[in-house]
Amino acid sequence: MTKQFRVLYKVTIIILAILAAMLIGSIILMTIGADVFKTYRVILFEPLKTTLQLTEVLIRAIPLTIIALGISVAYRSGIINIGAEGQMAMGILGTTAVALAFPELPKPILLPMAILAGAMAGGVWGFIPGILRAKLQVSELLSTVMLNYIAAQIYTFMLRGPFLDPAELTMGSGTPQSMRLSRGIWLDRFLKGTRLHTGIFFALFLALLIYLLLWKTNYGYKMRAAGASARAARYGGISVTWYLVIAMVISGAFAGMAGAIEIAGVHRRAIEGITGGYGFSGIVVALFGGLHPAGIIPASFFFGLLIVGADMTQRMVGVPANMVNVLQGVIILVIVATKMILADPYLMERVWRKYQGIGKKHVEVEA
Amino acid sequence: MELTQKKITNLRMEHITKRFPGVLASDDITLEISEGQILALVGENGAGKTTLMNILMGLYQPDEGRILINGEEVHFRSPNDAFAAGLGMVHQQYMLVANMTVLENIALGFKAAWSPYKLDLGMVRDRITEIAKKYGLVVDPDAYIWQLSVGEQQRVELVKTLCLGARFLILDEPTSALTPQETDELIVLLKNMSSELSIIFISHKLQEVKDLSDKITILRHGAVVFEGNTHEHSPSDIAALMTGHEVDLPLNEEPAPEGVPVLDIKNLNVKSDRGFLALKDLNLTISSGEIVGLAGVSGNGQRELAEAINGLRKVESGEIQFYGENIANKSPHHIIEAGMGYIPEERNTEGIVPSFSLKENLILKDTEHDEFSNHAFLKNKAIDKNAEDLRVKFDIRSPNISIAAGSLSGGNIQKVILAREISRRPKFLIAVYPIRGLDLGAAEFIHKQLLEIRREGIGILLISEELDEILDLSDRVAVIFKGQIQKVLDRKDANRRSLGILMAGVKDDQTV
């Protein structure tokens, strides 16, 4: 089997998978009576037409990238983190607490402190399922999901209680949100007329960091070994349980940072519903990106596109934005199926035989 | 799927050729086997035996050539086709689901017991009993696979294949994991079975080829270099044909070393996976520069002993003194750093990380040492150089050092593990079944390496079921039975007979 064939084979499978996903999506769209082509066109191309829309896509891609990076660290280390949603919420609370407590501090001090607080709060929320799994063999699927609920309640409580904007009280409107945070934590919006903020560079920096951590350091080596074969890792003197905990802390800290960046860059205050499913989409992005930073960056752009596109379909073709969730579900299923197909060497062998048959005929014709 | 029940009176593979990138795995191979015959397919690792059998089973398609059964050409597009024609193969790696029972495993492939809403386990059970009776293969249908020793698992594979209606058996190194006793039993069993069906078996072990087969075909580099009737040739002739040169496994002929005790195990108690005591007050002392062979039928506590010494299994009570330090219940990392080397039983899943590259696997235990790591950053150049050096020194046959270690052959994986463990310069080495399933060339190489490090003053605990291996290499032989050391013999007192009796649990061989 030639190398070109392998690459061609994989690319073809992926293209077919995308087409399959779109086909299934169009059936669903047809059932709600939508104009399929127009919907796809709006989702996939409309957001790219203006700079403003494009920056909105990038803004969505920032937290997705950061969360997916963290999730890939956990996955690679053999633990599945479904708790990014809760970890992100906790991160927002941590950042908000610091910003509210020290509004007078200058930016070079306050901003790192606030992001660090977000990372720590998210890290703690990742540490809990990590240590439960390491010491008591509690399934992380269970604990992370449960901690999501707890985090959501704590978040609501804080926004309606201690963090509630005093102005809301005096005005009496009672919108559950914090007061506008000090300018000291605002990330700069560097493109006039858009909301695109410097968080994008931070996200790219984190992607580089994760790449270096996982593939260039001995810590990453050990984490990947623990994830790839826990038994061999243990044999090799690697404390698998310890690295599980570390991986969960990193994963949680990244989700927490995503939350910190989101409020520092976009909202500049804690609002209800900020997390908005980023924590779950992050899982899909991580898998879609092949659990590798180089894949996660384009994958999060693609999912950012879907989110913005969904808003636009609602406005332009009357297809509800929830449809994007349906499409996401379809994409997850197709990814899982594609992975299984790509991992089947016998299928590849059979296709190779057919391909050779075609190639031979082709040569004969040319001759 | 309706299975034909016709007997296979003749099977012929003609001019089979199969190419892989850069390798001619099968080069115009022709072989034939008739009813009731046992054909031994012999050759070194990488000679193309398994590829040829995979072609016969429909896992691979030949590039050229054809297969004939009873004179009719057949095309197997998948193992199911081969299976429907009555061929059954027992692979070297057992294809069993560990957390299911024997009965459930066999039921998995037993389509006749399946109906849309019901699985007729009773029917499968009856079939197992029938097969067990017919061929004398005893298995406990309700045991979980993970509870069984490797030998027992193999028996399950055999029963499974037969239950599913195989009338032609292909066995890929059937004895590589068996104890001497089990091997003898298997040979008798297969001899009896050959009156009912034909068998092709792949083997490296010339003695059993001699004992069992009627015909022999030797492959080297994908081509048939010899075929003939077994009884006309001696094992040494066959060995020479197989490797292309005369092979003598090295012997430990040096005088007993005068080392000091370095590993001293006192009253060790360790539990097995199933919760009972696998080691009961075990005592054993090993000195520097000596090889102590631990003989015993598998499942008598060997695995638990190796794991306990290496910190991979909890020690209930007792001491493991290693260079003056009690390492019982210390972490694997601590024990590795104390100088322990370990060649584990499960080379594919424990000894290497299969998805990691060859070079990555060679530094599994050393990622944080300055040699390969600079302030946590891996030194890629040093890692590459280490891998290139070890690849040459240990004759690891792989296209490059970035290939996934799991894709290498068993012998080469074992060389990777050996290379890593020896190049780390351990103070002591525990080698568990180091040559299981390896060809003569690789076995010779590994034994030479073990003797070499013994000469350097390293103590070795050699756990093996192969009495020849133990007798060839050991300075002293300890026999383990039901979690205790029956007796420790000097090399001069150890022979197949005395060890066999001790392994069977008789304490004082004078009484027999």
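Conventions and cut-offs
- Residues numbered from 1 in each chain as written.
- Chains lettered and ligands numbered in written order.
- Predicted model: local features only at pLDDT ≥ 70, side-chain atom pairs only at ≥ 80, totals over all residues.
- Helix = DSSP H or I, 4+ residues; strand = E, 2+ residues; numbered from the N terminus.
- Rg over C-alpha atoms; globule rule 2.2 N^0.38 Å.
- Contact = placed C-beta atoms within 7 Å.
- Nonpolar A, V, L, I, M, F, W, Y, C, P; charged D, E, K, R; others polar.
- Domains from an automatic or database assignment.
- Pairing = 2+ DSSP bridges.
- Buried ≥ 20, exposed ≤ 12 C-beta atoms within 10 Å, placed from the backbone.
- Axes fitted to C-alpha atoms, helices over the stretch in contact; angles between N-to-C directions.
- UniProt positions renumbered as here; feature names shortened; annotations may be inferred.
- Right-handed = clockwise from strand over helix to strand, strands pointing away.
- Arc of directions from axis to C-beta.
- Parallel < 35°, antiparallel > 145°, perpendicular 65-115°, else oblique.
- pLDDT = per-residue confidence, 0-100.
- Expected span 1.5 Å × (residues − 1).
- Left-handed = near helix turned anticlockwise from the far one by under 90°.

By the naming in an unreviewed UniProt entry, chain B goes by ABC transporter ATP-binding protein and is assigned to Sphaerochaeta halotolerans.

Enquirer: So, the overall build of chain A: which residues are in play, and what are the values?
Expert: Scanning chain A for helices and strands turns up 15 helices and 0 strands. Here the C-alpha atoms of chain A give a radius of gyration of 23 Å, agreeing with the 21 Å that 2.2 N^0.38 yields for 367 residues. Each of the three principal axes of chain A carries a C-alpha extent, and together these read 85 × 60 × 35 Å.

Enquirer: So, the overall build of chain B: which residues are in play, and what are the values?
Expert: Helices and strands together make up the secondary structure of chain B, namely 17 helices and 24 strands. Considered along the principal axes of its C-alpha atoms, chain B spans approximately 70 × 55 × 50 Å. For chain B, contacts bridging at least 24 residues in sequence account for 69% of all contacts bridging at least 6.

Enquirer: For the interface of chain A and chain B, give the residues involved together with the corresponding values.
Expert: Residue-level contacts link 19 residues of chain A with 24 residues of chain B. Counting residues per element, the ones that place at least two in the side of chain A that touches chain B are helix H9 (218-228) and helix H10 (230-235) of chain A. Looking at the side of chain A that touches chain B, the element that brings in the most residues is H9 of chain A, giving 6 residues. Taken together, the residues of the side of chain A that touches chain B break down into 8 nonpolar, 6 polar and 5 charged.

Enquirer: Got a sec to walk through the domain arrangement of chain A? Specific residues and values, please.
Expert: Residues and elements named next belong to chain A. Domain boundaries in chain A define domain 1 (9-32 + 320-348) and domain 2 (50-318). Computed over C-alpha atoms only, the centres of domain 1 and domain 2 are separated by 26 Å. On the side of domain 2, 10 residues touch domain 1, which itself brings 9 residues to the contact.

Enquirer: Would you mind going over the pairing of strand E13 (residues 261-271) of chain B in detail, with residue names and values included?
Expert: All names here are of chain B. Note: E13 against strand E14 (residues 277-287), 7 bridges, orientation antiparallel. The residue bridging lysine 271 from the neighbouring strand is leucine 277, located in E14. Connecting E13 to the antiparallel partner E14 that follows it, the hairpin turn spans 5 residues, and glycine 275 within it adopts a positive phi of roughly 100°. Of the pairings in the sheet, the one linking E13 to strand E16 (residues 315-322) comprises 6 bridges and is antiparallel in character. The partner of lysine 266 across the bridge, within E16, is glutamate 319.

Enquirer: Please set out unusual backbone geometry residue by residue, giving values where relevant.
Expert: All names here are of chain B. Non-glycine residue glutamate 173 carries a positive phi angle of around 45°. Along the chain, glutamate 173 turns up in the loop between strand E9 (168-172) and helix H6 (180-193). In the Ramachandran plot, tyrosine 323 falls in the positive-phi region, its phi being about 50° despite a non-glycine side chain. As for its position among the elements, tyrosine 323 is in the loop between E16 and strand E17 (325-326). On the basis of neighbour count, tyrosine 323 is assigned to the partly exposed category, with 16 C-beta atoms found within 10 Å.

Enquirer: Residue-level account of the sheet that holds strand E15 (residues 291-295) of chain B, with values.
Expert: Residue and element names in this part refer to chain B. One open sheet holds the 6 strands; their spatial order is E18-E21-E22-E15-E23-E24, and the pairing between them is mixed. For this open sheet the edge positions go to strand E18 (340-343) and strand E24 (484-490), each flanked by a neighbour on one side alone. Between one strand axis and the next, the sheet turns by 20° as a mean value, whatever way the strands run. In this sheet, strand E22 (residues 459-464) lies alongside E15 in parallel orientation, the contact comprising 5 bridges.

Enquirer: Describe the domain arrangement of chain B, and please don't skip the residues or the numbers.
Expert: Residue and element names in this part refer to chain B. The domain architecture assigned to chain B consists of domain 1 (10-243), domain 2 (257-339 + 426-512) and domain 3 (346-424). Just the C-alpha atoms count here: the centres of domain 1 and domain 2 sit 32 Å apart. If you look at the interface, domain 1 gives 18 residues, while domain 2 gives 14 residues. When residues of the side of domain 1 that touches domain 2 are traced back to their parent elements, those giving at least two are helix H5 (150-163), H6 and helix H8 (235-243). Tallying contributions element by element places H8 first for the side of domain 1 that touches domain 2, with 3 residues. When the residues that make up the side of domain 1 that touches domain 2 are grouped by side-chain class, the tally is 6 nonpolar, 10 polar and 2 charged.

Enquirer: Describe the UniProt feature "domain: ABC transporter" (unreviewed entry) in chain B, listing the residues and the values that go with them.
Expert: Those residues carrying the UniProt feature "domain: ABC transporter" (unreviewed entry) are residues 11-246 and 263-507 of chain B in this numbering. Between the C-alpha atoms that bound residues 263-507 of chain B the distance is 24 Å, and the span itself is 33% helix and 27% strand.

Enquirer: An account of the pairing of E22 of chain B is needed here, citing residue identities and associated values.
Expert: Residue and element names in this part refer to chain B. Judged by how many residues are buried, E22 sits mostly within the fold: 6 of 6 residues are covered. Pairing of strand E21 (residues 428-432) with E22, which is carried by 5 bridges, proceeds in the parallel orientation. Following the sheet pairing, alanine 431 is matched in E22 by leucine 462. Once you follow E21 into helix H15 (residues 440-455) and on to E22, the crossover reads as right-handed.

Enquirer: Got a sec to walk through helix H17 (residues 496-503) of chain B? Specific residues and values, please.
Expert: Residue and element names in this part refer to chain B. Turning to H17, its buried residues are Leu499, Leu502 and Met503. Down the axis of H17, the buried side of the element spans an arc of 100°, and every buried residue falls inside it. Taken together, the buried residues of H17 touch E15, helix H16 (467-473), strand E23 (476-481) and E24. Downstream of H17 by a residue or two, glycine 505 has a phi angle that is positive, lying close to 105°.

Enquirer: Lay out the sheet that holds E9 of chain B in plain terms, naming residues and giving numbers.
Expert: Residue and element names in this part refer to chain B. If you walk across this open sheet you meet the 6 strands as E6-E9-E10-E3-E11-E12, and the pairing is mixed. Every interior strand has two partners, whereas the edge strands, strand E6 (87-90) and strand E12 (223-229), have only one. On average, adjacent strands in this sheet sit at an angle of 15° to one another, irrespective of strand direction. Set on the sheet, helix H1 (residues 49-56) makes contact with strand E3 (38-42), E6, E9, strand E10 (198-203) and strand E11 (215-220); between it and E9 the angle comes to about 150°.

Enquirer: Tell me about the packing of H9 of chain A against helix H11 (residues 240-267) of chain A, and please be specific about residues and values.
Expert: All names here are of chain A. Across the interface, H9 lies against H11 with an axial gap of 9 Å and an inter-helix angle of 110°. Taken as axis vectors, H9 and H11 run roughly perpendicular relative to one another. Each of Lys222, Met223 and Ala226 in H9 lies in contact with H11, whose residues at this interface are Val240, Tyr243, Leu244 and Ala247.

Enquirer: Can you tell me about the confidence of the model for chain A, naming the residues and giving the values?
Expert: Should the pLDDT be low somewhere, the predicted coordinates at that spot are not to be read in detail. Per-residue confidence for chain A averages 88 on the pLDDT scale, and 96% of its residues sit at or above 70. When mean pLDDT is taken per element in chain A, helix H8 (residues 199-216) of chain A scores highest with 96 and helix H15 (residues 345-366) of chain A scores lowest with 66.

Enquirer: Describe helix H6 (residues 140-160) of chain A, and please don't skip the residues or the numbers.
Expert: Residue and element names in this part refer to chain A. Given a rise of 1.5 Å per residue, 21 residues ought to cover 30 Å, and the 30 Å separating the end C-alpha atoms of H6 matches this to within 8%. Of all the residues in H6, the buried ones are Glu140, Ser143, Thr144, Leu147, Asn148, Ala151, Tyr155 and Leu159. In an axial view of H6, the angular spread of the buried residues amounts to 145°, which keeps them on one side of the axis. Exposed positions of H6 whose direction lies more than 90 degrees from the buried face are Tyr149 and Gln153. The elements touched by buried residues of H6 are helix H4 (84-101) and helix H5 (107-136).

Enquirer: Can you explain the confidence of the model for chain B? Please cite residues and give values.
Expert: Residue and element names in this part refer to chain B. Here chain B shows a mean pLDDT of 86. Residues at 70 or above account for 96%. Within chain B, helix H10 (residues 332-337) carries the highest mean pLDDT (96), whereas H8 carries the lowest (76). This prediction of the complex comes with two scores: 0.77 for pTM and 0.81 for ipTM.

Enquirer: How would you summarise the environment of aspartate 214 of chain B if you had to cite specific residues and measurements?
Expert: All names here are of chain B. Tracing the sequence through the fold places aspartate 214 in the loop between helix H7 (206-212) and E11. Taking the C-alpha atoms as reference points, aspartate 214 and glutamate 345, separated by 131 residues in sequence, lie 32 Å from one another. Sequence-distant contacts of aspartate 214, that is, excluding residues within four places in its chain, are made with Gln37, Ile38, Asn229 and Thr230.

Enquirer: Kindly report on the packing of H4 of chain A against H11 of chain A, identifying the contributing residues and their values.
Expert: All names here are of chain A. Running from N to C, H4 and H11 cross one another at 55°; their axes reach a closest spacing of 7 Å. Between H4 and H11, the angle falls in the class oblique. For the pair H4 and H11, the crossing hand works out as right-handed. Residues Ala84, Gln87, Met88, Ala89, Met90, Gly91, Ile92, Gly94, Thr95 and Thr96 of H4 form the contact with H11, whose own contacting residues are Gly252, Ala255, Gly256, Met257, Ala258, Gly259, Ala260, Ile263 and Ala264. Grouping the constituent residues of the contact of H4 with H11 by class yields 11 nonpolar, 8 polar and no charged.

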